[in-house]
Protein chains: 2
Amino acid sequence: MEVLKQRILKDGNIKPGNVLKVDSFLNHQMDIHLFNEIGKEFKKRFANNPITKILTIETSGIGIACIVAQYFDVPVVFAKKTQSINLDGDMYCTKVESFTHKRTYDVIIAKKFLTPEDHVLIIDDFLANGCALLGLIDLVQNAGSTIEGAGIVIEKGFQKGGNIIREMGIHLESLAIIESMTDDTLTFKE
Amino acid sequence: MEVLKQRILKDGNIKPGNVLKVDSFLNHQMDIHLFNEIGKEFKKRFANNPITKILTIETSGIGIACIVAQYFDVPVVFAKKTQSINLDGDMYCTKVESFTHKRTYDVIIAKKFLTPEDHVLIIDDFLANGCALLGLIDLVQNAGSTIEGAGIVIEKGFQKGGNIIREMGIHLESLAIIESMTDDTLTFKE
């Protein structure tokens, strides 16, 4: 997605440890115009899928998922990290390791919001080692819902997540795939 | 906002301890159609304010804020709970007590995303004791930005937050104000 790649080159910042900061438009400040372009693009790429629900994970996937959902005309459910006392006991639960925060989270979703009738599109901002996405896939499979695919804004193509997901036979669409990063350059996969 | 009040009566669940669960449409599963109606209503109520940015706090404010932002044609910034290693050091920080989670959070926002030129509309899903909203107001004041107002989806009118905010002279608009709740009834303020 050219407009996204240009925006990453213009406003993204590379930090030590292969960290790409896109906090000025994607995951701290959020450019809603860009999110709408992202929504249109995912709709194009999953045009033939009978999607009934969009699933994401807190925190930075939520805003993107909500704007994307407008193009599919379906509700969004976000999986929550750690147990909240405001949630019912009737939950699907999985564990997700976060390299960013150096810890493992319990990730939960109320059973009533994912059913065997649901056809789910998973949306998230980043795909790197794939832990978060594998956790979401696990939740969908536990619910007996159908996974129609996963839509990722930025995939770090030099990490293993994308390959793992594709080898599972899941329809994965990443709008910008980074092939390599150094301290001052960034190359996209064509 | 009548459609919201009817939805709360239809799909909200009252739990012990004055907890109102609206997780089927507001803060776990999210009804994007309803969010758009909420966006239109906030635009009507803040039609004369020169808003340049919408500010919310993770997690459940983010989806609402993104949809609402479309009606103001401005970006969203969400304040983050606890320090993330992916964030720059240059942050405004405040402390917010969460009664739901029985703990105090550091709430942070990158300084570059709130400036003295900004006119800020704060958006959140709930207002009860006001701690989260007071924290966001503190961040905006630290930045020297102008607070144009606060838009809340559901205010618990029997808790003190609304009065505190209104007495500060802040333009507060709550789309549904709950006057009283018992285990099986819920009354809105007219």
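Here, the structure is the one placed above.
Residues numbered from 1 in each chain as written. Chains lettered and ligands numbered in written order. Predicted model: local features only at pLDDT ≥ 70, side-chain atom pairs only at ≥ 80, totals over all residues. Heavy atoms only, no water.

K.L.:
Let's hear about the environment of Tyr105(B): which residues, and what values?
P.N.:
Residues and elements named next belong to chain B. Tracing the sequence through the fold places Tyr105 in strand β7 (residues 103–110). For Tyr105, a relative accessible area of 10% puts it in the buried group. Linking Tyr105 and Met181, residues 76 residues apart in sequence, is a C-alpha distance of 28 Å. Excluding anything up to four places from it in sequence, Tyr105 contacts Lys81, Thr82, Thr94, Lys95, Val96 and Ser98. (Helix = DSSP H or I, 4+ residues; strand = E, 2+ residues; numbered from the N terminus. Buried < 20%, exposed > 50% of the residue type's maximum accessible area, 1.4 Å probe, protein only. Contact = heavy atoms within 4.5 Å.)

K.L.:
An account of the interface of chain A and chain B is needed here, citing residue identities and associated values.
P.N.:
Counting from both sides, the interface comprises 40 residues of chain A and, opposite them, 41 residues of chain B. Taking both partners together, chain A and chain B bury about 3500 Å²; carbon and sulfur atoms supply 57% of that area. Considering only the surface of chain A that becomes buried against chain B, His28(A), Gln29(A) and Met30(A) emerge as the three largest contributors, covering 20% of it. Scanning the region where chain A abuts chain B turns up 2 salt bridges. With a shortest N-O distance of 3.6 Å, Lys112(B) and Asp23(A) are connected by a salt bridge. At the surface where chain A touches chain B, the tally comes to 15 residue pairs in polar contact (both at pLDDT 80 or more). Contributions of two or more residues to the side of chain A that touches chain B are made by β2 (19–21), β3 (29–30), α2 (32–45), α3 (61–72), β5 (76–81) and β7 (103–110) of chain A. No other element matches α3(A), which puts 6 residues into the side of chain A that touches chain B. Tallied by class, residues from the side of chain A that touches chain B come to 18 nonpolar, 13 polar and 9 charged. In terms of strand pairing, β5(A) meets strand β3 (residues 29–30) of chain B through 2 bridges, oriented antiparallel. When the sheet's bridge partners are listed, Val76(A) is paired in β3(B) with Met30(B). (Buried area = accessible area lost by both parts, 1.4 Å probe. Salt bridge = Lys/Arg side-chain N within 4 Å of Asp/Glu carboxyl O. Polar contact = N/O pair within 3.5 Å; in protein donor to acceptor, adjacent residues only side chain to side chain. Nonpolar A, V, L, I, M, F, W, Y, C, P; charged D, E, K, R; others polar. Pairing = 2+ DSSP bridges.)

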